[in-house]
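# Architecture at a glance
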Amino acid sequence: MSHVDDVSLMNDLGLSRPKPERKKDELGQEDFLKLLTTQLSNQDPFKPMENGDFLAQIAQFASVSGIQDLQNSLAELSTALTGNQGLQAADMVGRRVISEGSRVMFDGVDSVGAAVELPASSQQVTVGVYSSSGELVRTLSFGAQGAGVMEFQWDGLSEEGQAVPPGRYELRAEALYDGQRTALSTRVASRVASVTLGEGGRSVSLNLDSGESLAMKDVKAIL
């Protein structure tokens, strides 16, 4: 007997094929809503459901109704937020930002501003200015300094007092602690030359005139 004849015969006899039963350990969306409604209607008004319990129920509901839809929504939201971050970063092109780093761009006119953070008072703080080829151009001595952030400037002059050509330079700071020289990290001001969006627009980075690439989260200040 064919499948069609079998179905017709069962219909004539007033019978129908039994619907596949859901596993007893599975909770459907309708079941969940019924349980949640019952729980809310029968709870003590003076002891409402705790926020944690309610969120746990909602989390279970999200899983039952389709976690994939939630993931897709979150992915779309993430893309939108990253796109908005990209637009904000584009507005920073041409502006100067402060970040941790050692490379600076000297334009041949304006002094280069930078800073170091001293974890403790030091008997002497020095900053060496090096050319892109690694040659020492100038040593800046600041004497004894207290703990905290020390700001300084390099006027673009060499050790002999001559103006150096425009270009990229590197700052190396040291502090003297109990007769021992300790390297310090520096914070420099750089101009944003362009913005790069990562694959799929998931990340945004700033390309600085110093040749460095900087993540938005690493920007300490915008000038």
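Higher on the page you've got the structure.
This text gives an overview of the structure that appears in the document. (Residues numbered from 1 in each chain as written. Predicted model: local features only at pLDDT ≥ 70, side-chain atom pairs only at ≥ 80, totals over all residues. Heavy atoms only, no water.)

## Re the overall build of the chain
In plain terms, the rule: A run of DSSP states H or I qualifies as a helix once it reaches four residues; a run of E qualifies as a strand once it reaches two. Both are numbered from the N-terminal end. Relative accessibility thresholds used throughout: buried, under 20% of the residue-type maximum; exposed, over 50%; partly exposed, between the two (1.4 Å probe, protein chains only). Contacts are assigned to residue pairs with any non-hydrogen atoms lying within 4.5 Å of each other.
Summing up its helical and strand segments, the chain has 3 helices and 12 strands in all. Burial status across the chain gives 26% buried among its 223 residues. Taking the contacts inside the chain whose residues are at least 6 apart along the sequence as the reference set, 63% of them involve residues at least 24 apart.

## Some details on the packing of aromatic side chains
Note the following rule: Stacked, tilted and edge-to-face are the three classes applied to pairs of Phe, Tyr and Trp rings, where Trp contributes its six-membered ring and a pair requires centres within 6.5 Å; stacked means planes under 30 degrees apart, edge-to-face means over 60, and tilted covers the rest. In our convention, an over-ring charge means Lys NZ or Arg CZ found within 6 Å of a ring centre and within 35 degrees of that ring's normal.
On inspection of all chains with the given rule, the structure shows 3 aromatic pairs. Summarising the aromatic geometry, the rings of Phe106 and Trp154 are spaced 5.3 Å apart at their centres and angled 45° between planes, so their arrangement reads as tilted. Taken as a pair, Phe106 in strand β2 (residues 103-106) and Trp154 in strand β6 (residues 148-154) lie far apart in primary sequence, 48 residues in all. Side by side, Phe106 and Trp154 carry an identical accessibility label, which is buried. Arranged with centres 5.1 Å apart and planes meeting at 65°, the rings of Trp154 and Tyr169 form a pair that is edge-to-face. A residue pair is termed long-range when its members are at least 10 positions apart, and Trp154 in strand β6 and Tyr169 in strand β7 (residues 167-177) qualify at 15 residues. For Trp154, a relative accessible area of 1% gives the class buried. An aromatic cluster is built from Phe106, Trp154 and Tyr169, whose rings are joined through pairwise contacts. Between Arg172 and the ring centre of Tyr130, over which it is positioned, the NZ or CZ distance is 3.9 Å.

## What about the pairing of β2?
The two faces of a sheet get side chains in turn, since along a regular strand they alternate between them. Formally: Here a strand pair is declared whenever DSSP counts at least two bridges between the two strands.
Only one face of β2 is buried: it carries Val104 and Phe106, and the other face, with Arg103 and Met105, is open. Bridging between β2 and β7 involves 4 bridges; their strand directions are antiparallel. What sits directly across from Val104, in β7, is Tyr169.

## What to know about the side chain of Ser99
Counting through the fold element by element, Ser99 comes out in strand β1 (residues 96-100). Residues within four places of Ser99 in sequence aside, it is in contact with Thr186, Arg187, Val188, Leu208, Leu214, Asp218 and Lys220.

## Concerning the nonpolar core
So the rule is basically this: Within this scheme, the nonpolar core is defined by two criteria: the residues are buried Ala, Val, Leu, Ile, Met, Phe, Trp, Tyr or Cys, and they are joined through side-chain atoms within 4.5 Å.
The biggest cluster of nonpolar side chains holds 22 residues, and the ones touching the most others in it are Val116, Leu118, Phe152, Trp154, Tyr169 and Leu171. Where this core is concerned, the elements lending two or more residues are β2, β3 (112-118), β4 (124-130), β5 (136-141), β6 and β7. Per-element tally for this core: the top contributor is β7, with 5 residues. Contacts of Leu118, omitting those with residues within four sequence positions, involve Val125, Gln145, Gly146, Ala147, Gly148, Met150, Tyr177 and Leu184.

## Examining the pattern of salt bridges
Oppositely charged side chains are able to pair whenever their charged atoms sit close together. The following threshold applies: Salt bridges are counted wherever a side-chain nitrogen of Lys or Arg sits within 4 Å of a carboxyl oxygen of Asp or Glu.
The final tally for this structure, using the stated rule, is 6 salt bridges. For Arg103, the salt bridge is made with Glu212, and the minimal N-O distance between the two is 3.2 Å. Placement of Arg103 in strand β2 and of Glu212 in the loop between β10 (204-208) and β11 (213-215) is noted, with a sequence separation of 109 residues between them. Residue class for Arg103 comes out partly exposed when judged on its relative accessible area of 45%. Put simply, Arg172 and Glu170 hold a salt bridge, and the shortest N to O gap is 3.7 Å. The exposure class of Arg172 is partly exposed, given its relative accessible area of 39%.

## A short note on unusual backbone geometry
In this model, Asp178 sits at a positive phi of 50°, which is unusual for a non-glycine residue. Here Asp178 lies in the loop between β7 and β8 (180-184). With a relative accessible area of 71%, Asp178 lands in the exposed category.

## Quick notes on the pairing of strand β9 (residues 186-197)
Looking at chain direction, β1 and β9 are connected through 5 bridges and run antiparallel. In the strand pairing of β9, Val97 is matched with Ser190. Relative to β10, β9 runs antiparallel, the two sharing 5 bridges. Opposite Ser194, over in β10, you have Asn207 as the bridge partner.

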